[in-house]
Amino acid sequence: MSKGGHRENALWSDYILGKLPPEKEQKLENLLIEDEETFQMYLHEMEELKGKLPTLGNQELFTHSIISALPSSKKRGVEQAVKSKVSSSRNLPFYHYLIAASITLLLMGSGFFDLLSIEAGQSMDRNRTVSISDKWMNVTSKWMDSLRDPSPKK
């Protein structure tokens, strides 16, 4: 479509006012999606027709009237969608477990835990001192040994 032209403006005007047959509307909608220049012509014509288009007075009342006009099965569908959203949040711990398991497998595969255990072993070897409980155990075992062996010490 060429830009401008009275014929194209009249065509877009008819489209905006809903005066075209459905197949012609579909063709124009496809053009709007595919061509930026066509979309700009549509917006220009929309601005020109601003005074002729009906306005929406009370938007809240309009929304309420649309919702109340919906069949009850549609309302139930909306309620079920809300409930399914809530039930999907109940499955959230499963997703947390799945993410944690994936991270664990990744760390295991990269050898992170092996490196961690080696570092911990080296740290334990560096800090190897005799604990108080080991000292008490040694003293007690020597005392027990002396009770069993009554031979005099020199």
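Residues numbered from 1 in each chain as written. Predicted model: local features only at pLDDT ≥ 70, side-chain atom pairs only at ≥ 80, totals over all residues. Heavy atoms only, no water.

*Asks:* What should I look at first to understand the UniProt feature "transmembrane region" (unreviewed entry) in the protein chain in this one?
*Replies:* Feature annotation in UniProt places "transmembrane region" (unreviewed entry) on residues 94-116, given in this structure's numbering. The span residues 94-116 is 96% helical and 0% strand by assignment, and the distance between its end C-alpha atoms comes to 28 Å. (UniProt positions renumbered as here; feature names shortened; annotations may be inferred. Helix = DSSP H or I, 4+ residues; strand = E, 2+ residues; numbered from the N terminus.)

*Asks:* Looking at this model, I keep getting lost on the nonpolar core. Mind explaining?
*Replies:* Of all hydrophobic cores here, the largest spans 10 residues; its members are Leu11, Trp12, Tyr15, Ile16, Leu20, Leu28, Leu32, Met41, Tyr42 and Leu49. Counting residues per element, this core draws most heavily on helix H1 (residues 6-17), which supplies four residues. (Core = buried A, V, L, I, M, F, W, Y, C linked by side-chain atoms within 4.5 Å. Buried < 20%, exposed > 50% of the residue type's maximum accessible area, 1.4 Å probe, protein only.)

*Asks:* Looking at this structure, how should I read the packing of aromatic side chains?
*Replies:* The geometry of an aromatic ring pair comes down to the distance between the two centres and the angle between the two planes. The full count for this structure, using the stated rule, is four aromatic pairs. Their ring planes at 70° and their centres at 6.0 Å tell us that tyrosine 15 and tyrosine 42 sit as a pair that is edge-to-face. You can see tyrosine 15 sitting in helix H1 and its partner tyrosine 42 sitting in helix H3 (residues 36-48), a full 27 residues away along the chain. Summarising the burial analysis for this pair, tyrosine 15 and tyrosine 42 share the class buried. Among the aromatic residues, those joined into a cluster by ring pairs are Trp12, Tyr15, Phe39 and Tyr42. (Phe/Tyr/Trp six-rings, centres within 6.5 Å; stacked < 30°, edge-to-face > 60°.)

*Asks:* Help me out: how do you make sense of the pattern of salt bridges in this one?
*Replies:* Any two side chains of opposite charge can pair if their charged atoms end up close together. Considering all chains together, one arrives at one salt bridge under this definition. Here lysine 50 ties to glutamate 47 by a salt bridge, and the two come within 3.4 Å at their closest N and O atoms. When sorted by exposure, lysine 50 lands in the same class as glutamate 47, which is exposed. (Salt bridge = Lys/Arg side-chain N within 4 Å of Asp/Glu carboxyl O.)

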